[in-house]
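Commentary on secondary and tertiary structure
Chain residues, written in single-letter form:
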Amino acid sequence: MPAPLPYVPDLGSIDPSLDLVAEIQRLRKERGAVILAHYYQEPEIQDLADFVGDSLQLSQQAARTGAEVIAFCGVHFMAETAKILSPDRRVVLPDLDAGCSLADRCPADQFQAWLKDYPDHAVVSYINCSAGVKALSDIICTSSNAVRVVESLPRDRKIVFAPDRHLGKWVMGQTGRDMVLFPGFCIVHEQFTAKRLAALMAQHPGAKVIVHPECDATVSRMADFVGSTAALIRFVKEQPALSFIVGTEAGILHQMRKVRPEVELIPIPADSGCNCSLCPYMKLNSLEKLYLALRDLQPEITLEEGLRIRARRAVQAMLDLG
Ligand code: 13P
Ligand code: SF4
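The rules we used
Residues numbered from 1 in each chain as written. Chains lettered and ligands numbered in written order. Predicted model: local features only at pLDDT ≥ 70, side-chain atom pairs only at ≥ 80, totals over all residues. Heavy atoms only, no water. Near = heavy atom within 4 Å. Polar contact = N/O pair within 3.5 Å; in protein donor to acceptor, adjacent residues only side chain to side chain. Areas by Shrake-Rupley, 256 points an atom, 1.4 Å probe, with all protein chains shown as cover. Nonpolar A, V, L, I, M, F, W, Y, C, P; charged D, E, K, R; others polar. Core = buried A, V, L, I, M, F, W, Y, C linked by side-chain atoms within 4.5 Å. Buried < 20%, exposed > 50% of the residue type's maximum accessible area, 1.4 Å probe, protein only. Contact = heavy atoms within 4.5 Å. Helix = DSSP H or I, 4+ residues; strand = E, 2+ residues; numbered from the N terminus. Pairing = 2+ DSSP bridges. Axes fitted to C-alpha atoms, helices over the stretch in contact; angles between N-to-C directions. Phe/Tyr/Trp six-rings, centres within 6.5 Å; stacked < 30°, edge-to-face > 60°. Right-handed = clockwise from strand over helix to strand, strands pointing away.

Side note on the site of ligand 1
In the vicinity of ligand 1, the contacting residues are His-38, Tyr-40, Asp-54, Ser-55, Tyr-126, Asn-128, Ser-143, His-189, His-212, Glu-214, Ser-228 and Thr-229. Glu-214 is positioned with one of its side-chain polar atoms (N or O) 2.9 Å from an oxygen atom of ligand 1. About the coverage of ligand 1: the protein hides 95% of its 310 Å² of free accessible area. For the shell around ligand 1, the residue count by class is 2 nonpolar, 8 polar and 2 charged.

So, in structure tokens, the structure goes:
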């Protein structure tokens with residue numbers, strides 16, 4: 001029998017007179033659901049969520065939640081990590097097409113073939129990868145703990161780092177460790193260029209430059225601070241500066257405005273196309289699709305149990321570091 005067609009959100013089935021926010025609140029209670037959202041989500045989704053965070057914080061929340069349903073407003077690898085950690089929960093992602101260029105460009109079979117050249121290396125994988133890649137890894141890291149994860153390995157241990165070559169290079173600089181890097185990259189952060197940043201810095205000489213480690217080294221080298229999304233928000237909150245040039249997905253500005261409404265926030269524009277510095281995958285989620293996900297309890301993330309257990313080992317190794 002052919003596999004059933006995947007669930008597609010039917011936006012036309014939504015009564016246009018519905019108060020979506022009120023309906024989401026009602027369904028959240030009725031379903032016993034928790035809404036987790038990443039900092040790159042639309043402001044109205046962040047404001048509705050029970051918890052907003054970076055990849056590490058969201059996976060910690062998913063691991064400890066008592067909710068029956070996790071409505072994950074982020075991208076596929078994040079919802080999949082929630083399922084890896086909480087197999088008894090029903091995990092729904094408002095749009096199943098919300099992928100990630102890092103995860104999509106590192107299919108598990110190709111990664112496994114690539115690893116054959118490095119049989120005696122520890123495999124450290126960035127959480128932005130599929131469950132299949134996690135299952136082939138020794139330990140997972142996020143942008144907020146990558147340095148600590150690499151430093152937890154013995155100094156003489158050879159390491160391969162996947163799939164983000166830019167994060168890997170930045171970690172090499174921070175730790176002084178040599179690593180073999182898988183040649184992946186994020187399509188959003190690769191669009192920030194040193195040329196664009198230099199022009200912005202000339203226009204705003206007093207601004208602090210803060211960027212995500214997924215940026216190319218030519219950009220992160222120019223920054224006053226490099227960190228995960230949570231660390232960037234913390235930096236804006238704690239630094240006395242009144243102007244910040246921000247090198248990451250522009251959804252993050254919402255929380256930055258909340259913690260420091262008085263400061264000037266200048267997103268680095270992407271150096272191509274619409275110059276918008278938005279992640280096209282993250283932005284697939286919407287209030288309408290979140291409503292449908294809670295109404296229909298679809299699209300649901302499912303995982304074959306053997307794969308889940310193998311992937312969990314590497315994620316747990318990261319969580320055990322604290
Ligand atoms: P954070 O873990 O820093 O939130 O990053 C996630 C991500 O996808 C960055 O592009
Ligand atoms: Fe993936 Fe880049 Fe989007 Fe983050 S911003 S989810 S790394 S494509």
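Now that the structure has been shown, we can carry on.
Some words on the nonpolar core
Within the largest apolar cluster, 66 residues are counted, with the highest numbers of intra-cluster contacts made by Ile-70, Phe-72, Val-124, Val-211, Ile-245 and Met-318. Every residue in contact with Ile-245, bar those within four places of it in the chain, is listed here: Leu-197, Leu-200, Met-201, His-204, Ala-207, Lys-208, Val-209, Ile-210, Ile-266 and Ile-268. Among the nonpolar cores identified, the runner-up in size contains 38 residues, and Leu-27, Tyr-39, Val-69 and Tyr-291 belong to it.

With respect to the side chain of Ser-125
Within the element layout of this structure, Ser-125 appears in strand β5 (residues 122-126). Residue Ser-125 is classed as buried on the basis of its relative accessible area of 0%. Of note is the side chain of Ser-125, whose polar atom sits 2.7 Å from the side chain of Ser-137.

Focus: the site of ligand 2
Contacts to ligand 2 come from Tyr-40, Val-75, Cys-100, Ser-101, Leu-102, Asn-128, Cys-186, Val-188, Glu-214, Cys-279, Tyr-281 and Met-282. Tallied by class, the residues present in the shell around ligand 2 amount to 9 nonpolar, 2 polar and 1 charged.

Remarks on the sheet that holds strand β9 (residues 208-211)
Whether parallel or antiparallel, the strands of a sheet pair through hydrogen bonds between backbone atoms. If you trace the 4 strands from one edge of the open sheet to the other, you get β10-β9-β11-β12, paired in parallel fashion. Two strands in the sheet have a free side with no partner beyond their single neighbour: β10 (225-226) and β12 (264-267). Of the pairings in the sheet, the one linking β9 to β10 comprises 2 bridges and is parallel in character. Bridging from a neighbouring strand, Val-211 pairs with Val-226 of β10. The strands touched by helix α12 (residues 229-238) within the sheet are β9, β10, β11 (243-247) and β12, with β9 carrying the most contacts at an inclination of about 160°.

Quick look at the environment of Gly-66
Structurally, Gly-66 can be placed in the loop between α3 (55-64) and β3 (69-73). With 120 residues separating them along the chain, Gly-66 and Cys-186 place their C-alpha atoms 33 Å apart.

Focus on the packing of aromatic side chains
Per the stated rule, a full pass over the model turns up 6 aromatic pairs. A ring pair is formed by Phe-111 and Trp-114, whose centres lie 6.0 Å apart and whose planes are at 20°; its orientation type is stacked. Of the two residues, Phe-111 and Trp-114 are both situated in helix α6 (residues 108-115); the distance of 3 residues between them amounts to about one turn of the helix. Where Phe-111 meets Phe-182, the ring centres are 5.8 Å apart and the plane angle is 75°; that geometry is what we call edge-to-face. Within this pair, whereas Phe-111 is found in helix α6, its partner Phe-182 is found in the loop between β8 (180-181) and α10 (194-203), the two being separated by 71 residues in sequence.

Looking at the pairing of strand β1 (residues 33-38)
Within β1, 6 of the 6 residues are buried, which leaves the element mostly enclosed by the surrounding structure. In this structure, β1 lies alongside β3, joined through 5 bridges in parallel fashion. Within the sheet, the bridge partner assigned to Leu-36 lies in β3 and is Phe-72. The parallel pair β1 and strand β2 (residues 51-53) is bridged by helix α2 (residues 43-48), and the resulting crossover is right-handed.

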